[in-house]
Amino acid sequence: MVRDVLDGCIDAVTSHNRLVIVVLLLMTAGMVVGMGNLDTSSQAGGGDVGETTAAQKATYIDEHYDDGSNRGENVSVAAVYVRDEGDNALSKATLIESLEYQRTVLKNESVSAALAGERGVTGVANVIATRAAGDLNATLEEQIAALESTDDDEVEALVAETLTAESGALSLLPRSYEPGTATAESRRMIFRFETDGAAESAGTPSDAQRALYEAAADHDEPSFFTLGEHAVGDLNQQMYSNTVTLVLPVALALILGILAFTYRDLVDVIVGMIGVVVSIVWMFGILGWLGVSAGITMIIGPVMIAGISIDFGFHVFMRYREQRGDGEGIRPPMTRSVRSVAVALALVTVTTAIGFLSNVVNPVTSIRNMAIGITLGVISAFVIFVTLVPALKISIDGLCERVGLDRHKEPLGHGRYLRRALGGSVGLAKRAAPVVIVVALVAGTAGAAAWPALEQESFQQRTEPVADWKTDLPGPMAWEESAFIENRLYVTEQYQSSDDETGRSQILIEDDVTAPGTLEQVNNGVERAHETGVAFDQQGVESVVSPLSVMEAAAAENESFAATFEGADANGDGVPDRDLESVYDRLFAVAPDEAGKVIERTDEGEYRSLRLLVTVDRSETADERADGMQEAAAAIENGDADLTATAAGPAAVMQAELAEVTEGILYVLALALGVIAVSLIGIYRLTEGSASLGAVTVVPIVLVAGLVIGSMFLLDVPLTLLTALLMSLVVGLGIDYNIHVSDRFAQELERRGSAYEALEAAVIGTGGALLGSTLTSAAAFLALLLHPHPQIESLGLLVVLALVTSFLVSVLVLPSMLALWARYADVSRVADGAEPAATAAGDD
C-alpha cells in the first residue's frame with residue numbers, strides 16, 4: 001500500500017517534471033515569505049529548566065524572602081579598566097585622562113540618570129585628585145583642576161603616600177602593583193547604577209553601560225576597556241564574522257571538493273546543492289509560518305539538514321547511475337531509481353524524525369524547539385529529494401543530451417579500488433560473521449561503560465588565545481582576535497574580583513530550623529564555604545550573610561538582643577544552641593529587615609527555613625562555584641539537627657540542569673531506540689514480510705552510541721549541555737546508514753536469491769553512496785575544528801565521530817548481522833543461492 005502510493009507520486013514527478021519544478025518553486029517562494037516571520041531569539045535562558053530541585057528552591061527563595069540577594073540594594077556595577085603598557089597608568093596625564101573620561105560619560109543622560117548617588121564613581125584618580133584638592137567632597141571639575149595645577153613630582157608623591165598597603169584603593173589596582181610606589185601598568189574605575197525607580201525610566205543600566213563602552217573605545221593610548229554585556233556583544237559579532245570568513249569558506253570548499261570528486265559531474269553537484277539550500281529554506285520557512293522560535297536551530301539546523309540532504313542526494317544520484325543502461329533514456333531509469341530508494345528515504349525520514357523528536361521530553365525549551373525545527377527540515381529534505389531534485393535532474397540531463405553531451409556516469413563504489421575495499425566486508429560476513437559481531441558488541445559495550453567516566457562541564461570556556469597560524473592566514477580568512485579575550489585574560493590574571501565580577505549565591509535550609517544545634521550546623525556550612533574558597537574574601541566585601549552574622553550584628557548594636565543572644569548560648573562558643581525560636585522572635589523585633597533576608601517567618605509566626613547568602617567570585621568557573629556551594633550545603637546537613645540544605649545559586653541551578661539533561665539523555669536514547677525499533681519492525685513486516693529484519697537494522701545503532709561514548713572518553717570530549725544534546729542525535733544520524741544498507745539488501749535478496757550476492761550489491765552500491773555522504777558531511781563538521789572556541793570544536797568532533805562510526809558499522813558490522821539473519825531466518829532462499837554466491841565472491 002505504502003509502496004503503491006509512493007510509486008504513483010514518483011511516476012507523476014518523473015512524467016511531469018516541468019510542472020513539478022514550477023509548483024515546488026512557488027512553494028519555496030512561500031517559504032521565503034515565512035522566513036520573514038522567523039523568531040530568531042534564543043530561549044536558552046531563564047525559565048527553560050525549572051523542574052530541578054535547585055531551581056525550585058531558588059524560586060521558593062524569590063517568593064518567600066525579602067530581596068537581599070543583590071548587594072547594594074538594587075545596584076548594578078560596571079568596571080572600566082585603564083591600561084598603559086608603555087608608560088604608567090598612575091602618571092599625572094593618565095589620571096587626568098581618567099577624570100576627563102568620567103566627565104564625558106557623565107554628560108550622557110543614560111549614565112547621569114542611572115548613577116547611584118553622588119559617589120557612584122570610584123577610582124584611583126578620584127582618590128588622588130581629592131587629596132590634591134584638599135577636599136574629600138571635591139566635585140569632578142575641582143578634582144581635574146587640582147591635578148592640573150599640581151606638578152608631576154607632587155602627583156607622584158601623592159600617589160606613593162596614598163596607595164599604601166593599608167589603602168582600600170588597592171582593590172582597584174592589579175596584583176603586580178607594589179604598594180607605596182607610583183607606577184602601575186593598569187587600574188580600574190567602578191561605576192554603580194541604580195536598577196529601579198526613576199533612574200530606570202530615564203535610562204537603563206544597559207544604556208549606561210553602552211555609553212561607558214563606546215566612550216572607552218575612543219581611547220587608544222592608554223587604552224580604556226570594559227568587560228560588560230556590550231563588549232561581549234561585539235565579541236560575539238566579531239566571532240560570527242570570523243566564522244563566516246574562515247570556517248564557512250573552508251567547509252564549503254571541502255564539501256564542494258568532495259562532491260566534485262565523488263560525483264565527478266558539475267551538473268549533479270549543482271542540482272544536489274540546490275536541493276540542500278531549498279531544504280534549509282523550507283525548514284526555516286515552516287518555522288516562521290508556525291511561529292516556532294528558531295533559537296539554537298539557527299546554528300545547528302543548517303549543518304544537520306545539509307548533511308542529511310547531501311546523503312539523500314547521493315542515494316538518488318548513485319542509484320540513477322546504477323539503473324541507467326547504455327542507450328537508455330532518462331525518465332525510466334530515474335523512475336526506477338527513485339522508486340528503489342524512496343522507501344529507504346521515507347524510513348530514514350521517519351526514524352530520524354523520531355530520533356530528533358525524542359527531545360520533546362527535554363526540559364530545555366530551546367532544545368525542544370530545535371528538535372521540532374530539525375524534524376521539519378528532515379521532512380522537507382525528503383520531499384525535495386523525491387520531487388524537485390529528480391525533476392531538475394531529468395530536465396537538465398535532457399537539455400544536455402539534446403545538445404550532444406553524454407550524461408551516463410559511473411556510480412561511486414564501482415571503481416576498482418573502492419569495489420575491492422567495500423566488498424571486503426562481505427568476505428568477512430561470509431567467513432567470520434560471528435567473530436565480527438562479537439568483537440563489535442565487546443567494543444560497543446566497553447564504550448558505553450565509559451559513560452559515567454565522561455568529564456562533565458556546564459559549558460566549555462575558552463582560556464587561551466587563538467593560535468598564531470589562524471591569525472596569519474591571508475586576507476579576510478585571517479582570524480581577527482578580539483581585544484576582549486586578551487583583556488579578560490589579563491583581568492583574570494591581574495585583578496582581584498571587583499563588584500562587577502562578584503555575585504551572590506545562596507543555600508536554602510529547611511525542615512526543623514528551630515531545633516537545638518541548627519545554628520551550629522549553619523556555622524559549619526559558613527566555615528566550609530571559606531575553606532573551599534567559594535566564599536569571596538576581600539577587604540570591604542561581606543563574604544557570607546547568615547542568620548548568625550545578622551544576629552552578631554544586631555547584638556553589637558542592641559544590648560537587649562545581645563542578652564538574648566548570649567543566654568541562648570549554652571556552651572559559650574558564641575553560637576546560640578537552645579531556645580532558637582525565642583532568639584528568632586527577638587531578632588525580628590529589633591532588626592526585622594535584616595532578619596527577613598535570612599530567616600523565613602510565616603504570618604502565624606512559624607519559622608520554616610533559613611538562608612545563607614554567599615558572595616562568590618564570578619571569575620571562577622560555574623562548576624567550581626557550584627561544587628563549593630554543594631560542599632557547604634553538605635556540611636550544614638551533617639549534624640544532629642534534622643536539616644535539609646540545598647545550594648540554589650545560579651551556578652548550582654546550571655549544574656543541576658546539566659545533570660538533569662545528561663541523566664535524561666539515557667532515557668531519551670532508550671525512548672528513541674524503542675520507538676524506532678517498533679516502527680522498523682512494523683514497517684519491514686509490511687514492506688518486506690520480515691519483522692526480524694527491522695530488529696536487525698536497529699541493533700547497530702546501539703553499537704554506534706556505545707562507540708561514540710567510548711571515543712568521547714578517549715579524545716577527552718566533555719559532556720556539556722550541548723554535547724549531551726548531540727548524543728541523542730546520534731540515533732538520528734546512525735539509523736540513516738543502516739536503513740539504506742538493509743533496504744538495498746532486501747531488494748537485492750528478492751531479485752538475486754543469494755544472500756552474499758545481495759550483500760555484495762548492497763555494500764558496494766549503497767556503501768559507495770554512504771561513503772560519499774560520510775566524507776562530505778564529516779568534512780563540513782571538521783571545518784568547525786578551525787574555530788578557537790572549545791565548545792564549537794567539541795560539537796564538530798562529536799558529529800564527525802557519529803558519522804564515521806555510523807558508516808563503519810553499516811558497512812563492516814551490519815553485513816555480518818544480515819548474513820546471519822539470512823542464514824537462520826530464510827534458510828531456503830540462502831541455500832538455493834549459496835553456490836553462486838561463493839563462486840562470485842571467489843571471482844571477485
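Check the entry above for the structure.
Residues numbered from 1 in each chain as written. Predicted model: local features only at pLDDT ≥ 70, side-chain atom pairs only at ≥ 80, totals over all residues. Heavy atoms only, no water.

Engineer: Quick question: what am I supposed to make of a negative patch on the surface here?
Structural biologist: A contiguous patch of negative charge, built from Asp151, Asp152, Asp153, Glu154 and Glu156, is present on the exposed surface. Positionally, aspartate 152 belongs in helix α9 (residues 152–162). With relative accessibility at 52%, the residue aspartate 152 sits in the exposed group. (Patch = residues over 30% accessible without salt bridge, like charges linked within 9 Å, V, L, I, M, F, W, Y side chains within 5 Å. Areas by Shrake-Rupley, 256 points an atom, 1.4 Å probe, with all protein chains shown as cover. Salt bridge = Lys/Arg side-chain N within 4 Å of Asp/Glu carboxyl O. Lys, Arg positive; Asp, Glu negative; His and termini not counted. Charge placed at Lys NZ, Arg CZ, Asp CG, Glu CD. Helix = DSSP H or I, 4+ residues; strand = E, 2+ residues; numbered from the N terminus. Buried < 20%, exposed > 50% of the residue type's maximum accessible area, 1.4 Å probe, protein only.)

Engineer: What's the story with the environment of methionine 189 in this structure? I'm lost.
Structural biologist: Structurally, methionine 189 is set in strand β3 (residues 186–194). Sequence separation between methionine 189 and tyrosine 81 is 108 residues, and the spatial gap between their C-alpha atoms is 6.4 Å. When neighbours within four sequence positions are excluded, methionine 189 is seen to be in contact with Ala78, Ala79, Val80, Val82, Ser98, Tyr101, Gln102, Thr122, Gly123 and Phe224. (Contact = heavy atoms within 4.5 Å.)

Engineer: What am I meant to see in the packing of aromatic side chains here?
Structural biologist: Within a pair of aromatic rings, the relevant descriptors are the distance that separates the centres and the angle that separates the planes. In total, this model carries 11 aromatic pairs according to the counting rule given. When the centroid spacing of 6.4 Å and the interplanar angle of 15° are considered together, the rings of phenylalanine 191 and phenylalanine 193 count as stacked. According to the relative accessible area criterion, phenylalanine 191 is buried, its value standing at 0%. Given the relative accessible area of 0%, phenylalanine 193 is considered buried. A centroid spacing of 6.2 Å and a plane angle of 75° characterise the contact between phenylalanine 745 and tryptophan 821, whose relative ring orientation is edge-to-face. Here the residue phenylalanine 745 occupies a position in helix α29 (residues 721–752), and tryptophan 821 occupies one in helix α31 (residues 790–825), the gap between them amounting to 76 residues. You can call tryptophan 821 buried: its relative accessible area is 11%. In textbook terms, an aromatic cluster arises when at least three aromatic residues are bridged by ring pairs, as seen for Tyr101, Phe191, Phe193 and Phe224. The ring centre of tyrosine 490 lies 3.7 Å from the NZ or CZ of arginine 83, which sits over that ring. Here the basic side chain of arginine 264 rests over the ring of phenylalanine 261, its NZ or CZ set 4.7 Å away from the ring centre. (Phe/Tyr/Trp six-rings, centres within 6.5 Å; stacked < 30°, edge-to-face > 60°. Lys NZ or Arg CZ within 6 Å of the ring centre and 35° of its normal.)

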